[in-house]
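Summary of structural features
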Amino acid sequence: MSTQPSAQIVHPGTSRIEVYADAPAASRASAESFARQAVEAVQARGRFSVVLSGGSAPEQSYRLLGDEPFRSMIPWDGVHLFWGDDRCVTPGHPRSNFRMANAAFITRVPIPPANVHRMPGELPPREGAARYAAELEAFFGPGVPRFDLVHLGIGPDGHTASLFPFDDLLRDAERTVGWSLHRPLGEWRLTLTVSVLNAAQRVEMLALGEGKASIVRSALEGPIDPYRIPAQLVRPAGGMVLMVDRGAARELAGG
C-alpha cells in the first residue's frame, strides 16, 4: 500500500511539497516512488536511469530497496544507477557516496554490474569529471543527459549535490560534470551541474529532521539568492517534489 503524505503544499517554483509524519514514512515514500517509476520506465522504454544522492537522508530509503517487496518488484536488469556527486576518494572509503549506496542496497539486489555507473572519485578531480562526462555521453548520447529521476538532498548551507554557495560552477552552462572544493573540509568532490539536474524528467529532494527546517524555509520562502542557496537553482521543467517529514517542514508557512 502506498505511503500517503500527511499534507501537501503547492509552492512557487516547486511542483509540490509532500509532508510526512516522520522520517521513516518519508523514506518509505521515496522507495515507493523509485520502485513505481522504475517499473513504468522499463515497461515503456526498456530502461530506467536514476541519479542517487549521498548524505544521511536517503540511506534508509535505499536500504528499503534491498528489502521485500521492493527487491522483487523492481526490474533491476533495466535499472541504471548514476550519482549526483561523490567525494574524491576511493569507492571503499567511509565518506564515499557510492560506498553508502552499495552497502545499503546495490549488493543486495540482482542488478547487473554494468548498470552501476559510479563516479571515479579515486582519480584527480579534473580527470574524474571528464571520465564521468564521457560515460554520460556514451549512455545518453551528445548534449545534456535527461535522467528519469534525480535524487537530491539539501545541506545546511543550501548546497545540493556538490554545488556549493558562490562557486563558479553554479554559472557553468557548458559542462555536465564538474568538480568543486568543499572548503570547510578541504575536500574535492565531483558533481553533476545545474543544467543536468534541471533537464531531468523528475527531481525528488529529500530533507529530514528539524535540523533542516531553517534551510528548507530559506530555500523556499526566503529571498531568491541562488548563488547563496544553490538549491534554489533546481527548477526542472518536469517538476520537483520536495519530500520532508514534519520536523523539516516545521518552519514553512502552512507547514
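Our structure's up above, just so we're on the same page.
Criteria and cut-off values
- Residues numbered from 1 in each chain as written.
- Predicted model: local features only at pLDDT ≥ 70, side-chain atom pairs only at ≥ 80, totals over all residues.
- Heavy atoms only, no water.
- Pairing = 2+ DSSP bridges.
- Helix = DSSP H or I, 4+ residues; strand = E, 2+ residues; numbered from the N terminus.
- Axes fitted to C-alpha atoms, helices over the stretch in contact; angles between N-to-C directions.
- Contact = heavy atoms within 4.5 Å.
- Expected span 1.5 Å × (residues − 1).
- Polar contact = N/O pair within 3.5 Å; in protein donor to acceptor, adjacent residues only side chain to side chain.
- Core = buried A, V, L, I, M, F, W, Y, C linked by side-chain atoms within 4.5 Å.
- Buried < 20%, exposed > 50% of the residue type's maximum accessible area, 1.4 Å probe, protein only.
- Phe/Tyr/Trp six-rings, centres within 6.5 Å; stacked < 30°, edge-to-face > 60°.
- Salt bridge = Lys/Arg side-chain N within 4 Å of Asp/Glu carboxyl O.

Moving on, we come to the sheet that holds strand 5 (residues 85-87). Spatially, the 3 strands line up as an open sheet ordered 5-8-7, and their pairing is antiparallel. At either margin of the open sheet sits one strand with a lone partner, and together these are strand 5 and strand 7 (177-182). Pairwise comparison of adjacent strand axes, ignoring direction, gives a mean angle of 25° for this sheet. One ladder, built from 6 bridges, connects strand 7 with strand 8 (residues 187-192); its direction is antiparallel. Pairing of glycine 178 across the sheet is with threonine 191, part of strand 8. On the sheet, helix 5 (residues 125-140) packs against strand 7 and strand 8 and is oriented at approximately 145° with respect to strand 7.

For an α-helix, the turn length of 3.6 residues means that residues three or four places apart are oriented alike. An ideal rise of 1.5 Å per residue puts 33 Å on 23 residues; helix 1 (residues 23-45) measures up with 32 Å between its terminal C-alpha atoms. For helix 1, the side-chain oxygen to backbone nitrogen distance between the N-cap and alanine 25 is 3.0 Å, and the N-cap itself is aspartate 22.

Attention shifts here to the nonpolar core. In a soluble, globular protein the nonpolar side chains are often hidden away together inside. Ranked by size, the top nonpolar core spans 69 residues in total, and within it Phe34, Val79, Leu81, Trp83, Phe105 and Leu192 carry the most contacts. The biggest single contributor to this core is helix 1, with 6 residues. In contact with leucine 81, not counting residues within four places along its chain, are Phe34, Val50, Leu52, Phe105, Ile106, Ile111, Asn115, Val116 and His117. Core analysis: the second largest hydrophobic core is formed by 9 residues, Tyr20, Ala26, Leu208 and Met243 among them.

Successive residues of a regular strand alternate their side chains across the two faces of the sheet. Both faces of strand 6 (residues 149-152) are covered, namely the face carrying Leu149 and His151 and the face carrying Val150 and Leu152. Judged from the 2 bridges that link them, strand 3 (residues 48-52) and strand 6 form a sheet pairing that is parallel. For valine 51, the partnering residue across the bridge sits in strand 6 and is valine 150. As judged from the 3 bridges shared by strand 6 and strand 9 (residues 203-207), these two strands associate in the parallel manner. Across the sheet, valine 150 pairs through a bridge with valine 203, a residue of strand 9.

To continue, consider the packing of aromatic side chains. A full pass over the atoms with the stated rule returns 10 aromatic pairs. Relative to tryptophan 76, the ring of phenylalanine 34 has its centre 6.2 Å away and its plane inclined at 40°; by these criteria the two rings are tilted. With phenylalanine 34 in helix 1 and tryptophan 76 in the loop between helix 3 (70-73) and strand 4 (79-83), this residue pair connects regions lying 42 residues apart in the sequence. By the burial criterion, phenylalanine 34 is buried, and tryptophan 76 matches it. By the ring-pair criterion, three or more aromatic residues cluster together here, those being Phe34, Phe48, Tyr62, Trp76 and Phe105.

On to the environment of phenylalanine 147. You can see phenylalanine 147 is positioned in the loop between helix 5 and strand 6. Residue classification places phenylalanine 147 among the buried residues on the basis of a relative accessible area of 0%. Once the C-alpha coordinates of phenylalanine 147 and alanine 199 are considered, the two residues, 52 residues apart in sequence, prove to be 7.4 Å apart. Aside from chain neighbours lying at most four places away, what touches phenylalanine 147 is Ser49, Val50, Val51, Phe82, Leu136, Phe140, Leu192, Val196, Ala200, Gln201 and Arg202.

Once that is clear, we can look at the side chain of serine 27. Among the structural elements, serine 27 can be located in helix 1. If near-sequence neighbours (up to four positions away) are discounted, serine 27 is found in contact with Ala57, Gln60, Ser61, Leu64 and Leu208.

Moving on: the pattern of salt bridges. Counted under the stated rule, the structure contains 16 salt bridges. Residue arginine 87 is joined to glutamate 187 by a salt bridge in which the shortest nitrogen-to-oxygen separation is 3.2 Å. In this pair, arginine 87 is assigned in strand 5 and glutamate 187 in strand 8, connecting sequence segments 100 residues apart. The salt bridge involving glutamate 251 is made with arginine 217; its shortest N-O contact spans 2.7 Å. One end of the pair, glutamate 251, is in the segment after strand 10 (240-245); the other, arginine 217, is in helix 7 (residues 213-221), with 34 residues separating them in the sequence. Salt bridges linked by common partners bring Arg87, Arg95, Glu187 and Arg189 together as one network.

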